[in-house]
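# Descriptive analysis of the structure
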Amino acid sequence: MPEIIDDANLLAGLSAAASVDLAPAGEPWKVLLVDDEPDVHPVLRLALDDVRIDGRGLRLFDALSAEEAKLALTAHPDIALILLDVVMESDRAGLDLVRYIRDELARRTVQIVLITGQAGYAPQRQVVSDYQIDGYLLKSELSAERIFVAVHSAIRAHRLMREQESLQADLHQKVQELDATLGVLRESESNLIRAQSVAHVGSWTYELGRDEMRLSAETCRIFGLCAGTRGSYESYLARVHPDDRPAVEEAWQATMAAGTVFQHEHRIMVGETVRHVRQQADLSRAADGTPLRCLGTTQDITERKQAEEELRRSNAELEQFSYAISHDLRQPLRMVASYMQLLGISLAEQLDDEQREHFKFAIDGARRLDQMLVALLEYSRLGRLGEPLAWLETRAIVDEALLFLQPAIAEAQAKISVRGHWPRAWVRPDEILRLLQNLIANAAKFRLAGRCPEIRVVSRVARGQWCLSVADNGVGIHPGQLGRLFQVFQRLQSRANYEGSGVGLALCRKIAEHHGGRIWAESAGDGQGSRFCVSLPLTGFLSDGRRVAREPVRAVEGCR
Amino acid sequence: MIKKRSLPFVILLAEDEPADAHLLRLALTENRIRVDLQHVLDGREALEYLHRQGRRFALAVRPDLILVDLNMPRMNGREFLAAIKDDPALCDIPVVVLSTSEVDRDVRDSYRLGAAGYIAKPLDISEFIVEIRQLSDYWLSLVRLPENR
């Protein structure tokens, strides 16, 4: 039957390009022939001899009973087609085998073509639908051509089913992968939700076209809404504190008009309570510039705002306190001193020396109290006036301090030497000037009678610290007294010998600490001179937590 | 027309503390400065004086100089400065602040509000007397400003 084989080749050629080979190329399709009549087998073999389908030949297996067929099916799970006689050891043996294959072995892709001599035993339509039969041949009509066509279409069907099966397997795998990805996503989403609730930061999206706002669980919590609530621009505005609405609208409109970022701090009303939130959102636009959607975050800054408010209040209170010192307390004191003086003058003729001295003590006391009030005021104000940080040539500031101190230095006849490496430093210039002035003035003031004061001012840079020391050959400090030095109104020397406000060193300590540094004193003891050392970080963190930038070029020099 | 007067200089003092006001009188006397010192107790009274409001101030004379304390009840020195500098009829009268405060901010604020001078009253009466002499040397020797523009 050369024409049929040609036809088969033609069909094979047509489909080869479009289909995918599931078995290794060239491996034959396995076909099981099941018939209890041994004579039928050679007929079938003859009809299928040399047949190639999709470029692959056939490999035929023979079974003379349903039992043999089962064994063959077990040995060859990749059998593509079974040509099956319906009536064998029993009338239904063939159909029972079909049920076994479909139900017990659950083989869906193996094609089953029934061959029967008695059509009455298996009415075609019912059998085909009930038993998933793929073809039906009557023995009486068996011809090489019919067999070939039936086998050919069955193998094709098998092949399609296998392809579909493989696609399904692929799909199944992809679905599983997707499930795994979804799992990871779900986990990261739940992490996000947890992170949002820890950080008090919620997120939201806003679709401008639909005027729809979707809120994360945390955003809902901040706004006091049920999780999953959706909103609109108007419903958002309705929750903004009435006093803040115009500003919010203005900021929003400005972003819509020209911006890409919406950033605003405002209050919201959650029932009767007021919360502070910080809104921050990115706006994406269409190619023509139309705003499309916003992706934003809502941060609950209520606590921060309350802390700021508290700080403002306590600062205002301190300011009030300072003012009370500088005015309200000093005013009556001035009255005491002034009228004591007036009394002293008007009574001058009548007073004896002792009484005059009493007047003097009273007035001196008032004067000293006034000095202390002024000093206390200065001490309390330091660091609150907000002198900004700036780059300072420290060597220049020493000269400035010495200039201010010229009268005191001249009076003490002090010799002053300035040595070492003086860096450029990121500091509050006026405070550093004050620090140097106080230390040098002290060195000149606490001198020993009869000894010419020598003051050595030394600066060096080590491990990112600016170390400054002022050493003298003066009265020195008793070792047990070192701890008291830097406290307000502590004096180690009698007032009779050394005048002073009593806050000089306390101020120095405050300045050093305000710059994130420290101050300490060293002395071998009374009459042994003393040395005051200050160490300030050239870079790093200040006491208020702000980070200071390291100046690139000079910092290298500073490390030499 | 500039009206020449042989009357002594008129100084309006706004000061709520009688003892402080008395010290100023003493300082003026001590310096032999002949002035007509009009004393009111706060900024609001000072404005009433300047606007000749009420029977008490119906015959008030326009002062050549105003001395004002910063801390006063009802209307303090800052508020008074702001009010008088806002009034075209009064803004030419020089106002010198007399205060106990040496706080930078008070000094700056006062000048910013248009004060012509700022005297931080010293604790020592003798220093105060010197301050007042300097004040009179400067302000009271200046040509008097026209009463009306």
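Quantities reported herein were computed from a predicted structural model and do not represent experimental measurements. (Residues numbered from 1 in each chain as written. Chains lettered and ligands numbered in written order. Predicted model: local features only at pLDDT ≥ 70, side-chain atom pairs only at ≥ 80, totals over all residues. Heavy atoms only, no water.)

On to the overall build of chain A. Tallying secondary structure elements over chain A gives 16 helices and 20 strands in all. Counting every position in chain A, which comprises 560 residues, the buried fraction comes to 40%. Within chain A, contacts between residues at least 6 apart in sequence are counted, and of these 64% link residues at least 24 apart. Element-wise, carbon and sulfur atoms account for 54% of the exposed surface of chain A, whose accessible area totals about 30200 Å². (Helix = DSSP H or I, 4+ residues; strand = E, 2+ residues; numbered from the N terminus. Buried < 20%, exposed > 50% of the residue type's maximum accessible area, 1.4 Å probe, protein only. Contact = heavy atoms within 4.5 Å. Areas by Shrake-Rupley, 256 points an atom, 1.4 Å probe, with all protein chains shown as cover.)

A separate point is the environment of Leu95 of chain A. Within the element layout of this structure, Leu95 of chain A appears in helix α4 (residues 93-104). It is 7.5 Å that separates the C-alpha atoms of Leu95 of chain A and Tyr131 of chain A, two residues lying 36 residues apart in sequence.

All names here are of chain A. In the sheet, strand β1 (residues 29-34) pairs with strand β2 (residues 58-63) via six bridges, with the strands oriented parallel. Opposite Leu32, over in β2, you have Phe61 as the bridge partner. Each parallel crossover has a hand, and the one from β1 via helix α2 (residues 40-48) to β2 is right-handed. (Pairing = 2+ DSSP bridges. Right-handed = clockwise from strand over helix to strand, strands pointing away.)

Bringing the nonpolar core into the picture now. All names here are of chain A. Judged by nonpolar contacts, the single largest core of 45 residues is most densely connected at Ile432, Leu435, Leu436 and Leu439. For this core, the element with the most residues is helix α14 (residues 429-445), which contributes eight residues. Aside from chain neighbours lying at most four places away, what touches Ile432 is Leu392, Ile397, Val427, Trp466, His515 and Leu536. Grouped together as the second largest cluster of nonpolar side chains are 27 residues, Ala63, Leu73, Tyr131 and Tyr136 included. (Core = buried A, V, L, I, M, F, W, Y, C linked by side-chain atoms within 4.5 Å.)

Inspection of every chain in the model, using the stated rule, returns 42 salt bridges over all chains. Ionic pairing is found between Lys305 of chain A and Glu265 of chain A, a salt bridge with its closest N-O pair at 3.1 Å. One end of the pair, Lys305 of chain A, is in helix α10 (residues 302-346); the other, Glu265 of chain A, is in strand β9 (residues 261-270), with 40 residues separating them in the sequence. Classification of Lys305 of chain A as partly exposed rests on a relative accessible area of 22%. Residue classification places Glu265 of chain A among the partly exposed positions, given a relative accessible area of 31%. We note a salt bridge from Arg74 of chain B to Asp42 of chain B, for which the minimum N-O separation is 3.0 Å. Placement of the pair is Arg74 of chain B in the loop between β3 (65-68) and α3 (77-85) and Asp42 of chain B in the loop between β2 (35-40) and α2 (43-50), with a sequence separation of 32 residues. Here the salt bridges do not stand alone but share partners, grouping Glu265, Arg278, Arg304, Lys305 and Glu308 of chain A into one network. (Salt bridge = Lys/Arg side-chain N within 4 Å of Asp/Glu carboxyl O.)

Okay, the interface of chain A and chain B next. Across the boundary between the two partners, chain A contributes 20 residues, which contact 23 residues of chain B. Summing both sides of the interface, chain A and chain B together bury roughly 1900 Å²; the carbon and sulfur share of this comes to 55%. Its largest share of buried area at the contact with chain B, chain A owes to Tyr323, His327 and Arg334 of chain A, together 33% of the area lost on that side. In this structure, the connection of chain A to chain B is made through three salt bridges. The salt bridge involving Arg330 of chain A is made with Glu102 of chain B; its shortest N-O contact spans 2.9 Å. For the pair chain A and chain B, the interface holds eleven residue pairs in polar contact (both at pLDDT 80 or more). Elements supplying a minimum of two residues to the side of chain A that touches chain B: α10 and α11 (353-381) of chain A. By residue number, the principal contributor to the side of chain A that touches chain B is α10 of chain A, which donates 15 residues. Class assignment for the residues of the side of chain A that touches chain B results in eight nonpolar, five polar and seven charged. (Buried area = accessible area lost by both parts, 1.4 Å probe. Polar contact = N/O pair within 3.5 Å; in protein donor to acceptor, adjacent residues only side chain to side chain. Nonpolar A, V, L, I, M, F, W, Y, C, P; charged D, E, K, R; others polar.)

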